[in-house]
Amino acid sequence: MSELIDLCYARLGCPDLEQMVDFGTRLLGLELYERGDDWVFLRADDRSHNLCLFQGELADETVGFEVDSEARLQKLEESARDRGCEVLIGSDAEAAQRRVNAFVTIVDPSGTRIELAVGPQRTGRRYFPSRDAGITEFGHFGLHASQPEASLQFWTELLGARLSDAIGPAALLRIDDVHHKVALFPSPGVGIQHINFQVASVDDIMRSWYFLQAEGVPIVFGPGRHPTSTAIFLYFRGPDGRVYEYSCGVKVIPDDEAHTPRYFESKPSSFCMWGAKPQIAEFVE
């Protein structure tokens, strides 16, 4: 059983904050919900934010996940300390800025900062897109894993994620019935490898493909279809150098007992069954 309920947010340092706000709204299609002097909340659902962009260094980035109670949060904090992980308890002021009741930060074996949060605030207002990208939900994170075996054990043993499929040493992990909410890619990097938003249909994928090309946004993979999750995808690079993804049609796994993970070859064809060629190092090495 997963200890996690769902993705919560990503916190992204931005050397040029206004450039990223323009990308996140005008091009990515998120709603600008709130802003301060040096930070901005963007969202794609009824929470206060899915992305917190703030003036800072690119290396300053964190992924956030929701847990169901402060008792579970304390249990995970203690278990992480027992495993030798770096753990920091968020202050009341830091929790208020994140619009959550409480949180702890845990650093995984590959150096990724993960915030586990209780009670992310809902707004009572539906998401209002800044352009018609067709976004339906905050989808998943791809994460760098410089210590792939230790990171996989961290996510499965401590946080209760389950392996859906693997592509060579890359692991696709689920925390609910969606094929994956976390993807671990062996690489020397630290932190976020890509950020995914689900869209309604292949029509949205194709509209964005033409739209982003016309706007000069680099397309780094796709359109294509993953043979693992069955999702139709499009990956593109933001002005911050980070990779973002739209996808639709992701597989669900409603019965854990009936599912056996599959192990795919470590080749580009295992990432796209249509033959699209990736320009992302972790997908070709």
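Up top is the structure.
Residues numbered from 1 in each chain as written. Predicted model: local features only at pLDDT ≥ 70, side-chain atom pairs only at ≥ 80, totals over all residues. Heavy atoms only, no water.

*Asks:* What exactly am I supposed to notice about the overall build of the protein here?
*Replies:* The helix and strand tally for the protein stands at five helices and 17 strands. Relative to a compact globule of 285 residues, whose C-alpha radius of gyration would be 19 Å, the protein shows 18 Å and is just as compact. Overall, the C-alpha framework of the protein stretches about 45 × 45 × 35 Å when taken along its three principal axes. Relative to its full complement of 285 residues, the protein shows a buried share of 57%. Contacts in the protein between residues at least 24 apart in sequence constitute 67% of all its contacts with a sequence separation of at least 6. Roughly 12,000 Å² of accessible area belongs to the protein as shown, and the carbon and sulfur atoms make up 50% of that amount. (Helix = DSSP H or I, 4+ residues; strand = E, 2+ residues; numbered from the N terminus. Rg over C-alpha atoms; globule rule 2.2 N^0.38 Å. Buried < 20%, exposed > 50% of the residue type's maximum accessible area, 1.4 Å probe, protein only. Contact = heavy atoms within 4.5 Å. Areas by Shrake-Rupley, 256 points an atom, 1.4 Å probe, with all protein chains shown as cover.)

*Asks:* Help me understand the nonpolar core, please; the structure alone is not making it clear to me.
*Replies:* Nonpolar side chains in soluble globular proteins tend to end up buried together. Counting 63 residues, the largest nonpolar core has L51, F65, L116 and W155 as its most contacted members. When near neighbours in sequence (up to four residues on either side) are disregarded, L51 contacts A10, L12, L28, L30, V40, F41, L42, F138, I195 and F197. Counting 15 residues, the second largest nonpolar core, distinct from the first, contains A183, V243, C272 and A276. (Core = buried A, V, L, I, M, F, W, Y, C linked by side-chain atoms within 4.5 Å.)

*Asks:* Even after reading the chapter, I still don't get unusual backbone geometry, so can you show me in this structure?
*Replies:* Most peptide bonds take the trans form, and the phi angle of most residues other than glycine is negative. Following G222, the chain continues into P223 via a peptide bond in cis, with omega recorded as 5 degrees. Positioned with a positive phi, R99 is a non-glycine residue whose angle comes to about 60 degrees. Its location among the elements puts R99 in the loop between helix 3 (92-98) and strand 7 (102-107). Notably, T230 is not glycine yet its phi reads approximately 70 degrees, a positive angle. Assignment of secondary structure puts T230 in the loop between strand 14 (219-225) and strand 15 (232-237). Judged by its relative accessible area of 28%, T230 falls in the partly exposed class.

*Asks:* Even after reading the chapter, I still don't get the environment of Q153, so can you show me in this structure?
*Replies:* As for its placement among the helices and strands, Q153 is situated in helix 4 (residues 148-158). Considering only alpha carbons, one finds Q153 and P109, 44 residues apart in sequence, at a separation of 9.3 Å. With residues near it in sequence (within four places) discarded, Q153 still touches R83 and L158.

*Asks:* What am I meant to see in the pairing of strand 14 here?
*Replies:* As a general feature of sheets, a regular strand has side chains that alternate between the two faces. Of all seven residues in strand 14, five are buried, a share of seventy percent or more. Looking at chain direction, strand 14 and strand 15 are connected through four bridges and run antiparallel. Counterpart to G224 in the pairing with strand 15 is F233. Between strand 14 and the antiparallel strand that follows it, strand 15, lie six residues; T230 among them carries a positive phi value of about 70 degrees. (Pairing = 2+ DSSP bridges.)

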